[in-house]
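Observations on chain architecture
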Amino acid sequence: MTKEIYENPDLKKERQNCPFNKEEITNFLDGGKEKTTERRQLETYILSDEQLKDAVPMEYLSHADKYAEELRKSCLLMHKLADSPAGQVQTLRALMGAGLGSAILKEGNPIALHYVMFIPALMGQGTVEQQAKWLEKAYNLNIIGTYAQTELGHGTFLRGLETKATYDPVTKEFVLESPSLTAYKWWPGSLGKTANYAVVMAQLYTKGKCEGIHPFMVQLRDEETHEPLPGILVGEIGPKLGMNTNDNGYLGFDKVRIPREQLLMKHSQVLEDGTYVKPTNSKLSYGTMVFVRVVVCQDVTVNLRKAVTIATRYSCVRRQSELKPGDREPQVMDYQAQQHKLLPPLAATFGFQLAADHLWNLYNTANNSMEQGDMELLPDLHGLSCALKALCSSEAANFVETCRQSCGGHGYMSCSNFPRIYGQVTAAITYEGENTVLWLQVARYLVKTRKEKSGGLSVKYLIDEEKGPRTVDTTPEGIVKLYRRVAVGLVDIAIAELENNSRKGYAPHDAWNHAAVHLIKAAQAHARLFVVESFVDSLKGSRLSAPVRAILSQLCELFIIYWILDRSGDFFLCANLKKEDLLQLNSKYVQLLAAIRPQAVNIVDSFDLRDEILGSPLGCWDGNVYQRLFDEAAKSPLNQKNVHESFHKYLKPLLKSNL
Ligand SMILES: CCCCCCCC/C=C\CCCCCCC/C=C/C(=O)SCCNC(=O)CCNC(=O)[C@H](O)C(C)(C)COP(=O)(O)OP(=O)(O)OC[C@H]1O[C@@H](n2cnc3c(N)ncnc32)[C@H](O)[C@@H]1OP(=O)(O)O
Ligand SMILES: Cc1cc2nc3c(=O)[nH]c(=O)nc-3n(C[C@H](O)[C@H](O)[C@H](O)COP(=O)(O)OP(=O)(O)OC[C@H]3O[C@@H](n4cnc5c(N)ncnc54)[C@H](O)[C@@H]3O)c2cc1C
């Protein structure tokens with residue numbers, strides 16, 4: 001006898017008569033049918049393992065127990081990975097990021113940094129010989145590493161890092177020192193308790209001269225006992241807003257000697273006599289950060305997909321208030337206000353992914369040419385990776401919070417999974433380059449391009465400005481032109497501000513600081529243009545069935561109009577937008593909300609996120625929200641007895657005290 005599967009009647013209705021093939025969207029997002037099959041196989045393989053399930057929700061464990069539990073699962077996962085059904089890189093991505101991995105390692109993977117930064121640093125910064133020495137050990141997990149750059153006193157300003165690595169030509173060693181408290185490394189993930197090696201960024205001194213920051217391979221702990229090696233002062237920094245089992249740590253050096261060969265020497269070298277050999281580009285040692293900025297764009301997008309799926313399903317199950325007097329309470333999704341909260345982030349998940357895919361392609365192309373010694377694409381890669389990392393993380397964090405609010409009180413429960421998702425996405429605003437700082441890097445590139453009439457592909461529009469009539473065309477292609485005009489216009493306003501500041505007598509750095517508001521706005525407009533252009537162009541260039549193309553085109557239109565309405569001032573200022581145009585866009589926007597609304601559940605279903613990955617009673621496929629919330633409450637330790645012992649200790653005496 002087959003067991004009948006419960007499905008909330010409202011969700012069942014939402015799923016009836018879907019006009020498009022959900023599987024086609026799933027394949028489109030996965031990058032092909034085979035990729036979907038591989039992903040599903042991997043998910044089934046991992047999620048069917050009982051040992052990877054939690055006995056109690058993580059929230060109820062102590063800080064130390066959470067770490068131990070996540071480490072247990074992380075190590076088990078690595079054992080399973082050895083004979084996993086999918087390809088290595090795809091598997092690692094799934095396990096380290098916001099997808100499958102988050103279903104198992106809810107508070108953060110203690111060995112994530114090993115794969116996300118340590119191995120990439122070895123690959124990007126190590127010579128062939130150095131890779132031969134350490135990469136295999138790293139891949140086999142004989143050693144576990146992290147990336148130790150940020151210090152207590154400096155994260156952003158890399159030239160201000162204090163950790164010193166002084167070359168001693170007599171012993172052919174570097175001596176690592178932390179000259180002050182603020183020189184302690186502070187923040188690296190996995191550093192607190194897990195890693196026994198690190199790529200450490202330190203100021204390189206040789207022949208009495210500082211040559212700037214360089215990467216060094218340093219052993220931190222004994223490979224057998226895991227005790228810190230002499231001169232290594234290491235520990236964990238304590239609880240954070242989220243990602244609490246990533247064991248972010250601190251690290252100090254008291255005259256630690258390492259062989260010369262442990263300077264990662266792919267780009268610059270120190271010869272035995274202490275002679276320094278410069279890299280072809282001084283920023284090549286920043287390459288590991290560029291890689292992570294690129295992958296973070298994809299990761300925050302997966303997190304946003306999770307949040308939107310939870311909020312959308314819940315909003316179709318939840319009934320509240322009265323729409324028509326006397327009628328049954330409507331699904332909250334039927335309120336236009338709710339659609340305005342949820343459909344833009346839903347659409348954004350597609351825009352961000354398509355833009356992140358473009359960036360990933362640029363990363364690979366640029367990396368290949370840099371391997372051949374050609375640095376031409378580096379400025380564009382740096383500009384675009386900063387722009388997209390900053391835009392995707394900040395927008396996703398705002399959208400995740402909107403999704404949480406859209407679920408009312410239940411969205412505030414830990415078990416809704418919104419706090420964790422938010423904790424992860426908002427961290428990406430800060431790590432790998434604080435967003436404001438990255439916006440200013442982007443602005444620097446835009447201003448330079450505009451003034452010098454030279455720059456890479458992503459900023460070509462600042463050089464070859466479009467001529468022709470400046471009418472407002474509200475087709476998607478016409479809207480892209482509006483975004484372009486805004487980006488050019490805001491760059492020009494920022495340049496005018498810089499020139500104005502110079503005329504006032506400001507020195508260049510002061511002129512820059514006093515133009516920061518305009519510079520940041522220009523950088524954001526540039527990033528938005530890139531996402532909008534990627535969204536429109538990718539749909540044009542892809543082979544999709546008519547029904548899938550129709551729904552994705554509606555989402556695209558909704559999204560690109562949403563951003564205009566959100567920042568209409570910029571469009572009035574720079575794109576010749578008139579009141580009538582705005583009103584027309586407004587009515588188009590609300591029409592699109594109504595047109596997309598009936599397919600909202602089908603679209604989030606096509607993300608194909610398993611319940612374990614969503615991790616929320618509000619977002620489960622079956623929509624059995626209330627029963628699941630009750631089941632979660634039953635897990636609270638406070639519900640294990642009717643009367644808690646603290647009643648007798650504290651409350652009863654108070655009740656009896658006649659205050
Ligand atoms: C193999 C398996 C793969 C598995 C994948 C798994 C996928 C899972 C995905 C996600 C999981 C999430 C896990 C989370 C992990 C979080 C880990 C976090 C780590 C960190 O945070 S590490 C520390 C990061 N720190 C920073 O980012 C510091 C920020 N600061 C800087 O980058 C720089 O100091 C600066 C850019 C702010 C400025 O530098 P500087 O003062 O030296 O330079 P300027 O004078 O301003 O500019 C000079 C010149 O250089 C150019 N420049 C600057 N940076 C770069 C660069 N990176 N590349 C190229 N060029 C650069 C700049 O444009 C200037 O050029 P011009 O002179 O104008 O020509
Ligand atoms: C969850 C998490 C994980 C991390 N993992 C790692 C890791 O694995 N390895 C590692 O090395 N580091 C790691 N970090 C550190 C991270 O990279 C830094 O925190 C980040 O680069 C920001 O630097 P900061 O903390 O020094 O901020 P600060 O630079 O001190 O920023 C403080 C404020 O000053 C502003 N500001 C700073 N400079 C400028 C400027 N030039 N112009 C205008 N405004 C400015 C910023 O915008 C911000 O508002 C992690 C951080 C977090 C939160």
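It should be noted that the structure appears before, not after, this text.
Presented here is an overview of the structure given in this document. (Residues numbered from 1 in each chain as written. Chains lettered and ligands numbered in written order. Predicted model: local features only at pLDDT ≥ 70, side-chain atom pairs only at ≥ 80, totals over all residues. Heavy atoms only, no water.)

Observations concerning the overall build of the protein
The number of helices and strands found in the protein is 23 helices and eleven strands. For the protein, whose C-alpha radius of gyration is 27 Å, the value lies close to the compact-globule estimate of 26 Å for 659 residues. Overall, the protein is about 90 × 75 × 65 Å in size when its C-alpha atoms are taken along their principal axes. When each of the 659 residues of the protein is scored for burial, the buried share is 52%. A separation threshold of at least 6 residues defines the contact pool for the protein, and within that pool the share at least 24 residues apart is 73%. By element, 54% of the accessible surface of the protein is carried by carbon and sulfur atoms, the whole surface being about 30,000 Å². Taken together, the 75 basic and 76 acidic charged side chains of the protein have centroids lying 3 Å from each other. (Helix = DSSP H or I, 4+ residues; strand = E, 2+ residues; numbered from the N terminus. Rg over C-alpha atoms; globule rule 2.2 N^0.38 Å. Buried < 20%, exposed > 50% of the residue type's maximum accessible area, 1.4 Å probe, protein only. Contact = heavy atoms within 4.5 Å. Areas by Shrake-Rupley, 256 points an atom, 1.4 Å probe, with all protein chains shown as cover. Lys, Arg positive; Asp, Glu negative; His and termini not counted. Charge placed at Lys NZ, Arg CZ, Asp CG, Glu CD.)

Comments concerning the packing of aromatic side chains
For the structure on display, the rule yields 15 aromatic pairs. Judged by centre distance (6.2 Å) and plane angle (40°), the ring pair of Phe 399 and Tyr 562 falls under tilted. Of this pair, Phe 399 sits in helix α11 (residues 378-406) while Tyr 562 sits in helix α17 (residues 546-566), and the two are 163 residues apart along the sequence. Among the residues examined, Tyr 562 registers a relative accessible area of 15% and is labelled buried. A connected cluster of aromatic rings, assembled from ring pairs, spans Phe 352, Phe 535, Phe 559 and Trp 563. One Lys or Arg, Arg 93, reaches over the ring of Trp 360 and ends 4.3 Å from the middle of that ring. Above the ring of Phe 607, the side-chain terminus of Arg 305 is found at 5.6 Å from the ring centroid. (Phe/Tyr/Trp six-rings, centres within 6.5 Å; stacked < 30°, edge-to-face > 60°. Lys NZ or Arg CZ within 6 Å of the ring centre and 35° of its normal.)

Remarks on the site of ligand 2
Neighbouring ligand 2 are 20 residues, the closest being Gln 149, Thr 150, Gly 155, Thr 156 and Glu 434. Thr 150 is positioned with one of its side-chain polar atoms (N or O) 2.7 Å from a nitrogen atom of ligand 2. When residues of the shell around ligand 2 are traced back to their parent elements, those giving at least two are α12 (418-430) and α13 (435-452). Among the elements that take part in the shell around ligand 2, α13 stands out by supplying three residues, more than any other. Broken down by class, the residue content of the shell around ligand 2 amounts to eight nonpolar, ten polar and two charged. Two domains each provide a minimum of three residues to the shell around ligand 2, namely domain 1 (143-279) and domain 2 (286-457 + 474-604). (Near = heavy atom within 4 Å. Polar contact = N/O pair within 3.5 Å; in protein donor to acceptor, adjacent residues only side chain to side chain. Nonpolar A, V, L, I, M, F, W, Y, C, P; charged D, E, K, R; others polar. Domains from an automatic or database assignment.)

As for the pairing of strand β5 (residues 197-206)
Taking burial as the measure, the ten residues of β5 include nine buried ones, the bulk of the element. In this structure, strand β1 (residues 145-148) lies alongside β5, joined through four bridges in parallel fashion. Each residue of the ladder has a partner; that of Gly 145, found in β5, is Tyr 197. Where strand β2 (residues 164-168) lies against β5, three bridges are found, and the strand directions are parallel. Among the inter-strand pairings, Thr 166 is bridged to a residue of β5, identified as Tyr 205. (Pairing = 2+ DSSP bridges.)

Quick notes on the site of ligand 1
Neighbouring residues of ligand 1: 27 residues in total, closest Arg 159, Glu 432, Gly 433, Arg 444 and Lys 448. Between ligand 1 and the protein, one listed contact pairs an oxygen atom with a side-chain N or O atom of Lys 283 at 2.9 Å. Measuring from an oxygen atom of ligand 1, one finds a side-chain N or O atom of Gln 441 at 3.0 Å. About the coverage of ligand 1: the protein hides 84% of its 1,400 Å² of free accessible area. Breaking the shell around ligand 1 down by element, the ones donating at least two residues are α7 (112-125), α9 (287-317), α11 and α13.

Notes on the pairing of strand β6 (residues 209-219)
In terms of strand pairing, β5 meets β6 through nine bridges, oriented antiparallel. Of the residues in β6, the one forming a bridge with Ala 198 is Val 218.

Observations regarding the packing of α11 against α12
Where α11 meets α12, the axes come as close as 8 Å, and the angle between the chain directions of the two elements is 155°. Taken together, α11 and α12 sit at an angle that is classed as roughly antiparallel. Once α11 is placed against α12, the crossing between them reads as left-handed. Packed against α11, whose contacting residues are Lys 389, Ser 393, Ser 394, Ala 396, Ala 397, Val 400, Glu 401, Cys 403 and Arg 404, the element α12 presents Phe 418, Ile 421, Tyr 422, Val 425, Thr 426, Ala 428, Ile 429 and Thr 430 at the interface. Along the lines of polarity and charge, the residues of the contact of α11 with α12 split into ten nonpolar, four polar and three charged. (Axes fitted to C-alpha atoms, helices over the stretch in contact; angles between N-to-C directions. Parallel < 35°, antiparallel > 145°, perpendicular 65-115°, else oblique. Left-handed = near helix turned anticlockwise from the far one by under 90°.)

Looking at the sheet that holds strand β8 (residues 249-253)
Judged by pairing direction, the sheet is antiparallel, and its three strands sit side by side in the order β4-β8-β7 without closing on themselves. Taken across any chain shown, the strands that pair with only one partner, and hence form the sheet edges, are β4 (185-186) and β7 (232-236).

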